[in-house]
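Structural overview for review
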Amino acid sequence: MRKWLAAALGVCGLLFGQAAMAAERIVFVGHWSESDSFFNVIRNSAQLAADQLGVSIEFRNPAGGDLSEMGRLIDQAIASKPAGIISTVPDEAIVGGSLGNAVASGIPVVIVNSGSAEIARKIGALRYIGQAEYEAGKAAGEKARAADVKSFVCVNHFFQHPASHQRCRGFADGLGVEIGDQEIDSGSDPNDVVARTAAFLKAHPGTQAILTLGPTGADPMIKWVKEQGGAEKYYFATFDLSQDIAGAMKEGMIKVAVDQQPFIQGYGAVETLTNYVRFGVLQANDVFSGPGLITKDNLDQVLALAGKYR
């Protein structure tokens, strides 16, 4: 009888745990495309948090990164009645209304990566977890200023996004110069990135630094600069990390990469929602995951976890 009761209680405990896990289901809606390696880190860290905390998580993103689909994906998530929603906000006009509807229906929301603390408050989200973009650009600019850089080109591959301009403006302020026409809309196609940046550099031969805002701009520009024999000519700074960026940094070509520490964004969002749903507790402030500056000095530690948690 004791053995039977123990077995029965074990089954009941298992079923209860499964039911609790199902009740604590989180949906993560992001704007990444399937080929965007940067968001693998956010996904991996969010999944790690879910596994450690015993909640389930579903990842949804628009096919090909088509932002127009994001509102529909959020609406579908609301209809499935999850315990909480995590979302990026690449364009408030596209997703703000749907996320506001989630909050109005009683579903707690956390904004990560793109967006801002101000947007999170406007929507009614619990918190924003992401990089302070202007401050990140300024930190990189101050690093360049210490190397006596006084002019640059900001290669902006996502010109329509407000955060991109904050990065460029912060870099200019870190240098202590006016941004003027030093920010260009490079487009996201690698050929456009190279052609438009090369045209700017030809028209402004005194440009000392190249700032790219992520691998989309950095990777093709690394190749082009090498082909032009300009590895020593330009102070090259970038945001985020990729295999090409890490390689160029090892070679000494890229001087600094701004790391927004996406691990904190994914892990922290799941942890915040879980603590709120389970215990009704919430940290007092938004979380700025970056900037963290990567240089040749700390690159090896970063590379040990690159692509998975860094």
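Just so you know, these numbers come straight off a predicted model, no measurement behind them.

Some points on the UniProt feature "domain: Periplasmic binding protein" (unreviewed entry) in the protein
- As annotated in UniProt, the feature "domain: Periplasmic binding protein" (unreviewed entry) corresponds to residues 26–278 in the numbering used here.
- Across residues 26–278, helical content stands at 50% and strand content at 18%; the span's end C-alpha atoms are separated by 13 Å.

Some points on the pattern of salt bridges
- Across all of its chains, the model carries eleven salt bridges by this definition.
- For Glu24, the salt bridge goes to Arg278, with nearest N and O atoms at 2.8 Å. Highlighted residues: Glu24 in the loop between helix H1 (2–23) and strand S1 (25–29) and Arg278 in helix H11 (residues 262–279), separated in sequence by 254 residues.
- Relative accessible area serves as the criterion here: at 14%, Glu24 is assigned to the buried category.
- Across the pair Arg121 and Asp286 runs a salt bridge, and its minimum N-O distance is 3.7 Å. With Arg121 in helix H5 (residues 117–123) and Asp286 in the loop between H11 and strand S11 (287–290), this pair connects stretches of sequence that are 165 residues apart.
- Salt bridges here are not isolated pairs; linked through shared partners, they connect Arg25, Glu58 and Arg60.

Observations concerning the packing of aromatic side chains
- By the definition in use, this model includes five aromatic pairs.
- Here the aromatic rings of Phe28 and Trp32 are separated by 5.4 Å at their centres, their planes lie at 65 degrees, and the arrangement is edge-to-face.
- On the basis of relative accessible area, Phe28 is assigned to the buried category, the value being 0%.
- Residue classification places Trp32 among the buried positions, given a relative accessible area of 4%.

A few points about the packing of helix H6 (residues 133–146) against helix H7 (residues 162–175)
- Remark: H6 packs on H7, axes separated minimally by 6 Å, with the N-to-C direction vectors making an angle of 35 degrees. Handedness of the H6/H7 crossing: right-handed. Between H6 and H7, the residues in contact are Glu133, Tyr134, Gly137, Lys138, Ala140, Gly141, Glu142, Ala144 and Arg145 and Ala163, Gln166, Arg167, Arg169, Gly170, Phe171, Asp173, Gly174 and Leu175, respectively.

Quick word on the sheet that holds strand S2 (residues 56–60)
- Strands sit in the order S2-S1-S3-S4-S5-S11 across an open sheet of six strands; the sheet is parallel. Two strands bound the open sheet, and with one partner strand each, they are S2 and S11. Each strand of the sheet is rotated relative to its neighbour by a mean of 15 degrees, with strand direction disregarded.
- Packing against the sheet, helix H2 (residues 38–53) makes contact with S1 and S2, and its axis sits at approximately 160 degrees to S2.

Rules used throughout
- Residues numbered from 1 in each chain as written.
- Predicted model: local features only at pLDDT ≥ 70, side-chain atom pairs only at ≥ 80, totals over all residues.
- Heavy atoms only, no water.
- UniProt positions renumbered as here; feature names shortened; annotations may be inferred.
- Helix = DSSP H or I, 4+ residues; strand = E, 2+ residues; numbered from the N terminus.
- Salt bridge = Lys/Arg side-chain N within 4 Å of Asp/Glu carboxyl O.
- Buried < 20%, exposed > 50% of the residue type's maximum accessible area, 1.4 Å probe, protein only.
- Phe/Tyr/Trp six-rings, centres within 6.5 Å; stacked < 30°, edge-to-face > 60°.
- Axes fitted to C-alpha atoms, helices over the stretch in contact; angles between N-to-C directions.
- Left-handed = near helix turned anticlockwise from the far one by under 90°.
- Contact = heavy atoms within 4.5 Å.
- Pairing = 2+ DSSP bridges.

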